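Listed below, chain by chain, are the residues.
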Amino acid sequence: MRPVTSDEAAPGDPQDLPDGSPARAAARVTSRDVARAAGVSQAAVSLVLGDKWRGRVSPGKAEVVRSVARELGYRPNLAARSLRTGRTRTALLVVPALTTEFFARVYTGAARLAADHDFGVVLYPSPEGNGVAPSPFDSASAALDGVIASSMAADALAALRGAGLPLVMLDSDPDDPTAAAAVNLDIANGARQLATHLTGLGHRRITHLAADVESWTFAVRARALADVLADVPGAVLRRQPSALGVDAGRRAAHAALTGPGPRPTALLCDDDIIAAGACKAVRRLGLRIPEDVSVTGFDDLALAVAVEPELTTVRLPAEEFGEAGMRALMAVLDGTPVEAATLPVALVPRGSTAPPPNAGQAAPEYAPEPNPDPDPYPDATVPVAPGRRRTRATSSS
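Residues numbered from 1 in each chain as written. Predicted model: local features only at pLDDT ≥ 70, side-chain atom pairs only at ≥ 80, totals over all residues. Heavy atoms only, no water.

**What about helix α10 (residues 216–230)?**
In step 1: Between the first and last C-alpha of α10 there are 21 Å, a value that for 15 residues agrees with the 21 Å anticipated at 1.5 Å per step.
In step 2: The set of residues buried in α10 consists of T217, F218, V220, R221, A224, L225, V228 and L229. Along the long axis of α10, the arc covered by the buried residues comes to 155 degrees, so they all point the same way. More than 90 degrees from the buried face of α10, the exposed residues found are D227 and A230.
In step 3: Residues of α10 that are buried in the fold lie against α9 (187–201), β6 (205–211), β7 (236–242) and β8 (266–269). (Helix = DSSP H or I, 4+ residues; strand = E, 2+ residues; numbered from the N terminus. Expected span 1.5 Å × (residues − 1). Buried < 20%, exposed > 50% of the residue type's maximum accessible area, 1.4 Å probe, protein only. Arc of directions from axis to C-beta. Contact = heavy atoms within 4.5 Å.)

**Structural notes on the nonpolar core**
Soluble globular proteins: nonpolar side chains tend toward being buried together.
In step 1: Within the largest apolar cluster, 46 residues are counted, with the highest numbers of intra-cluster contacts made by F102, V183, L185, L316, F321 and M326.
In step 2: Of all the elements in the fold, those that place two or more residues in this core are β1 (90–95), α6 (101–116), β4 (167–170), β5 (181–185), α9, α10, β8 and α13 (318–333).
In step 3: Take this core: its biggest share by element is eight residues, from α13.
In step 4: Contact partners of M326, with chain neighbours within four places excluded, come to A91, A110, L113, A114, F119, V121 and I148.
In step 5: Grouped together as the second largest cluster of nonpolar side chains are 24 residues, V282, I289, A304 and L311 included. (Core = buried A, V, L, I, M, F, W, Y, C linked by side-chain atoms within 4.5 Å.)

**Notes on the packing of aromatic side chains**
Aromatic rings in a pair are described by how distant their centres are and how their planes are angled relative to each other.
In step 1: The full count for this structure, using the stated rule, is two aromatic pairs.
In step 2: Ring geometry for F102 versus F103: centroids 5.2 Å apart, planes at 80 degrees, classification edge-to-face. Of the two residues examined, F102 and F103, each falls in the buried class.
In step 3: Their ring planes at 45 degrees and their centres at 6.5 Å tell us that F102 and F321 sit as a pair that is tilted. Note that F102 is positioned in helix α6 and F321 in helix α13, a separation of 219 residues in sequence. Here the two residues F102 and F321 agree in accessibility, since each one is buried.
In step 4: Pairwise contacts between aromatic rings join F102, F103 and F321 into one cluster.
In step 5: Positioned above the aromatic ring of F298 is the side chain of R221, whose terminal nitrogen or guanidinium carbon lies 4.3 Å from the ring centre. (Phe/Tyr/Trp six-rings, centres within 6.5 Å; stacked < 30°, edge-to-face > 60°. Lys NZ or Arg CZ within 6 Å of the ring centre and 35° of its normal.)

Scope: geometric values only; no functional claims are made or implied.
See below:
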């Protein structure tokens, strides 16, 4: 008998069982089942699920095949395919951390596209954030076809690069020569949109609560902000570093709002989590958002609409980002030329921004008053000069 070398039917497969029988229902769905349900040939199913259908199968039929395969729960015989092609059809997605939903959404997008093309995605959060990410496998090249890495420093993937695997970089320097392809979000445009939004409202004293992380994406944001504000007469941009966290954002905002000189009228934060901390600091100082201080974020996480007022931010298409990264990796594996891709982002104005207070008048400086709560900022890093007073601002509800 001729050996079975792919996922075609073998004796005992569902095709050899009566339609509707319990044994057939429990058996593994094959490409012949998909072909029969979709009304196409088994060859067409193989082309579509192998992502080789363009120019050979119509887009409409390709979508029908993918939809039917999902509905039937079709799973290819990966062991046979790996023996035949020398590929495992498994990709590694390396992310800095899983502390926000953003990277979970990136994974969702990558895994969804991968599943449509019989790929698996292994998620691996780098234990050191931007540090070196060791391979989670004894032999990565034997277990993986390629790597997708999101928001990583240039030297973060030394161990995996040594395995000689194709590498697609996300949210990273597009000129990195070690990457086979790069997919980015239009981060610079997002930062420009935020800066233009604030200056359009009349803000001229803006403090950038900048993520204290050495990475391409945060450097791009800082440069874009500086470029916009350099062209606005009277604008003053200050930088206050912050770790990525709510409490770190609160400390950084407290430092920015209580430091010497005129108080900033807007805090432009590198992500929504820092912005949530900034909102806490503003309120704890007895100030109002946005009447006294405007606050903006970046990412448009669920957190952005959980705070009150809701956060003006930049929406990043995280799932589409993951899909684009997976698509680029599959193209690299197929030997198809891949051009660097940049996905658009969008400003989402909400209630946390408004025109600055007392436009055209002298800027107030922060002067503390006795607080009945002893040492409310035990971890604040900026000292407050003694003997200065201010008028209490009305706190928001």
